[in-house]
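In case you want the letters, here they are:
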Amino acid sequence: MRRIVLSLLGILILIASFLGAKSIIDSKRTNKPISEKTIKKVFGMEVTNTSIPIIIPANGVLTAKRRLVLFSEVQGVFQGKSKLFKTGQEYKKGEAIITINDREFRSSVIAAKSNLYNLLIAIMPDLRLDYPQLYPKWKDYLRKFEIEKPIANLPKMSEKEAYFISGRGITSSYYSIKNLEERLSKYQIKTPYKGILTDVQVTEGTLVRVGQKLGEFIDPSEYELEVSVSKIYADLLSIGQEVVLKNLDKSKSFSGKIIRINGKVDQNSQTIKVFIAVQDSNLKEGQFLEAQLKARDQPNAFEIDRSLLLEGNQLYTIQDSMLKLIAVEPVFFSDKKVVLKGIPNGTTLLAKPVIGAYSGMLVQIFE
């Protein structure tokens, strides 16, 4: 009997412990809050297909259209003039930009002319006796002969007269002097156009040697911009086409024109060289510019930011307050934009990227 009572008490204690533990556990349970569906507010834009101009960006460095690299063909001491031979110095057309001391060589030219003058005097008695009809012509040439000035052309001669004159060494002496005068002219370099010195390699008093570079001279009134364009657009560009040019910070715009298109494609980059002429007093050689070449107009197209285009050429649209993916066809990519076609008019697109966006996401468009 005692054993039965103890068993019943043990069972009751176990039941009481279980019920007490269950009540404690139930008291600590918290009800889960009912999650409310959140609606993301987004920006939208409506598609209106139009004709979009395809603009090809290309970069390049300005160079002067007319450039003169100055080299010396003779040797001598560089002489100073009223204008200093310094970078930035301007010169007019036909003005002497470089003068090399030519006194020694000029003396040899005068000596050669004096020798020719003596040869002419020596033939005058023979001409008077054997060719009296030619005597007045050569007498007049001798009378006008000036040693200090450039030699005049020899009188026109008949065949028989030419034999006589050449036989006395006059013709060979004349052409030797012409050659010396040509070389004498190289001691002074004159500007072929109005321009400015951009590089200087010598100073006054420098001993100039044959073949030595003296400097660079440019015409600052017109420049060229050389840019590389993909061969895909080669047939869309033409000579005379207007081009918009901008500086690095996009603060200034210039108007240019395509003047040359290289007929050869670079094998490595598969691009062609396009040369653009531009004139503006604010431009300088070596300046970096960006050219915006208009290739063609793409009909029935729409332009968006590249950040909106997803992998696989997909795009988010907003339909019935939900995001949905559609496939699009890119036509042209620029640095920040992409031109698309195949999107129906009136379609509402996501205008700005949304973090964590997915197809089926509930959204609300900002008014």
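### So, the overall build of the protein
Thought 1: Each helix and strand counted, the protein has five helices and 22 strands in total.
Thought 2: Considered along the principal axes of its C-alpha atoms, the protein spans approximately 180 × 50 × 35 Å.
Thought 3: Counting the 367 residues in the protein, one finds 32% classified as buried.
Thought 4: At a minimum sequence separation of 6, the contacts of the protein that also span at least 24 residues come to 74%.
Thought 5: A total accessible area of about 23400 Å² is found for the protein, and carbon and sulfur atoms account for 53% of it.
Thought 6: Measuring between centres, the 53 positive side-chain charges of the protein sit 5 Å from its 39 negative side-chain charges.

### Here we look at the sheet that holds strand 8 (residues 188-190)
Thought 1: Pairing within the open sheet is antiparallel, and its four strands lie in the order 8-7-5-10. Edge positions in the sheet fall to strand 8 and strand 10 (207-208), since each has one partner strand and no second.
Thought 2: As paired strands, strand 5 (residues 76-79) and strand 7 (residues 96-100) are joined by two bridges and run antiparallel to one another. Its bridge partner lying in strand 7, Gln-79 is registered against Thr-99.

### Some remarks on the pairing of strand 5
Thought 1: Where strand 5 meets strand 10, two bridges bridge the pair, whose relative direction is antiparallel. From the neighbouring strand, Gly-76 faces strand 10, where its bridge partner is Val-208.

### Re the packing of aromatic side chains
Thought 1: Summed over the entire model, instances satisfying the criterion amount to ten aromatic pairs.
Thought 2: An aromatic cluster is defined as three or more aromatic residues linked by ring pairs; in this entry it consists of Tyr-117, Trp-138, Tyr-141 and Phe-145.
Thought 3: The ring of Tyr-91 carries the charged tip of Lys-83 above its face, separated from the ring centre by 5.3 Å.

The rules we used
For every chain, the first residue of the written sequence is number 1, and numbering continues from 1 along that sequence. Selection of residues for local features in this predicted model requires a pLDDT of at least 70, selection of side-chain atom pairs for listing and counting requires 80 or more, and totals for whole chains, interfaces and linings are taken over all residues. Hydrogens and waters are ignored; side-chain quantities use all the structure's heavy atoms. In DSSP terms, a helix is any run of H or I states spanning at least four residues, a strand is any run of E spanning at least two, and both are numbered starting from the N terminus. Buried means the residue's accessible area, taken with a 1.4 Å probe over protein chains only, is under 20% of the maximum for its type, while exposed means over 50%, and partly exposed covers the values in between. Whether two residues are in contact is decided by their heavy atoms: any pair within 4.5 Å suffices. Each accessible area value is a Shrake-Rupley result obtained with a 1.4 Å probe; residue values ignore everything except the protein chains displayed when judging cover. Residues scored as positive are Lys and Arg, those scored as negative are Asp and Glu, and His as well as the terminal groups of each chain are ignored. The location of each charge is read from NZ of Lys, CZ of Arg, CG of Asp or CD of Glu. Two strands pair under a simple rule: DSSP has to find at least two bridges between them. Aromatic pairing here means that ring centres of Phe, Tyr or Trp (its six-membered ring) are within 6.5 Å. Orientation follows from the plane angle: under 30 degrees is stacked, over 60 is edge-to-face, and everything else is tilted. Should the NZ of a Lys or the CZ of an Arg lie within 6 Å of a ring centre and within 35 degrees of the ring normal, that charge is described as sitting over the ring.

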